[in-house]
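Coordinate analysis (summary)
Each chain, letter by letter, is given below.
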Amino acid sequence: MGTKTVDEAGVETGTEAKSDDEAVDLTKDDVTKADEAVETDGEAAAGTPDEDEYDEDELSEAVAAKAPSGVGLGAAAVVSAALGLVSLTGGWLGTVAQARDSLYGQLETASTATVSTQIEQVYGNSWNANALVAGIFALVALLVGVFVLVRPAFGNPDRVVQATWAKSVAWAGVSLAIIGLLLAVLKYTDILLSMPTVSS
């Protein structure tokens, strides 16, 4: 009976030892898996900044692609300068308006009208028509030039791009427009190059 007890005790001891070994092996497997999971998480975390940086680069490129290049403001500045230059001469439209008004004056003026009336109807009104067209060109040039100059002050500064040359051309357009508008007013009011006066 003593041998049996020893054997039973030995078997029991061996079983317990085996269970402890399995528990230790199981614990080691868990630690290994945990270490692998930590390494995987570390690699993923290490890769996150690169992905974020890549996303930021794509976002910057998309914003740059959508941002205006300032071509519209540059074109408007050139238009302002061109209209300001046309306002100094009245342009083709002013010449046509002057000739048309002169023709109407000839048709509407009676042959028995006084000389001063004929001058006013045939030449004075046509001269005023030319000055009026020149003034309209000058006013439009002034408005466009001022718009180009003040546009960057409104809206998002990062979205509004204005080149230096565009600002310079816009200032030139505004200057020409002011001169053209002044000349148009002087011509229309007969202060500059007034019609001759004759006795009746």
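Look up a bit, the structure's there.
Reference entry: report on the structure contained in this document. Not measured: the values here are computed from a predicted model.

What counts and what doesn't
Residues numbered from 1 in each chain as written. Predicted model: local features only at pLDDT ≥ 70, side-chain atom pairs only at ≥ 80, totals over all residues. Heavy atoms only, no water. Helix = DSSP H or I, 4+ residues; strand = E, 2+ residues; numbered from the N terminus. Buried < 20%, exposed > 50% of the residue type's maximum accessible area, 1.4 Å probe, protein only. Contact = heavy atoms within 4.5 Å. Areas by Shrake-Rupley, 256 points an atom, 1.4 Å probe, with all protein chains shown as cover. Core = buried A, V, L, I, M, F, W, Y, C linked by side-chain atoms within 4.5 Å. Phe/Tyr/Trp six-rings, centres within 6.5 Å; stacked < 30°, edge-to-face > 60°. Lys NZ or Arg CZ within 6 Å of the ring centre and 35° of its normal. Expected span 1.5 Å × (residues − 1).

1. With respect to the overall build of the protein
When helices and strands are counted, the protein shows five helices and zero strands. Helices and strands appear in the protein in the N-to-C order α-α-α-α-α. In the protein, which comprises 200 residues, the share counted as buried stands at 22%. Long-range pairs, those at least 24 residues apart, make up 82% of the contacts in the protein between residues at least 6 apart in sequence. For the protein, the accessible surface area stands at approximately 13,700 Å², while carbon and sulfur atoms represent 64% of it.

2. What about the nonpolar core?
The tendency in soluble globular proteins is for nonpolar side chains to be buried side by side. Judged by nonpolar contacts, Leu-83, Val-133, Phe-137, Ala-141, Leu-142, Val-174 and Ala-177 together constitute the single largest core of seven residues. Every element with two or more residues in this core is listed here: helix H4 (115–150) and helix H5 (164–188). Take this core: its biggest share by element is four residues, from H4. Ranked by size, the runner-up nonpolar core spans five residues in total, among them Ala-76, Ala-77, Ala-166 and Ala-170.

3. Here's the deal with the packing of aromatic side chains
According to the stated counting rule, one finds zero aromatic pairs in the structure shown. Cation over ring: Lys-187 sits above Trp-127, and NZ or CZ is 5.5 Å from the ring centre.

4. Observations regarding helix H2 (residues 71–89)
In a regular helix each residue adds 1.5 Å, so 19 residues correspond to 27 Å; H2 covers 28 Å between its end C-alpha atoms and thus fits that length. Taken together, the buried positions of H2 are Leu-73, Gly-74, Ala-76, Ala-77, Ser-80, Ala-81, Leu-83, Gly-84 and Ser-87. Packing partners of the buried residues in H2 comprise H4 and H5. Positive phi appears at Gly-90, one or two residues downstream of H2, with a value of about 90°.

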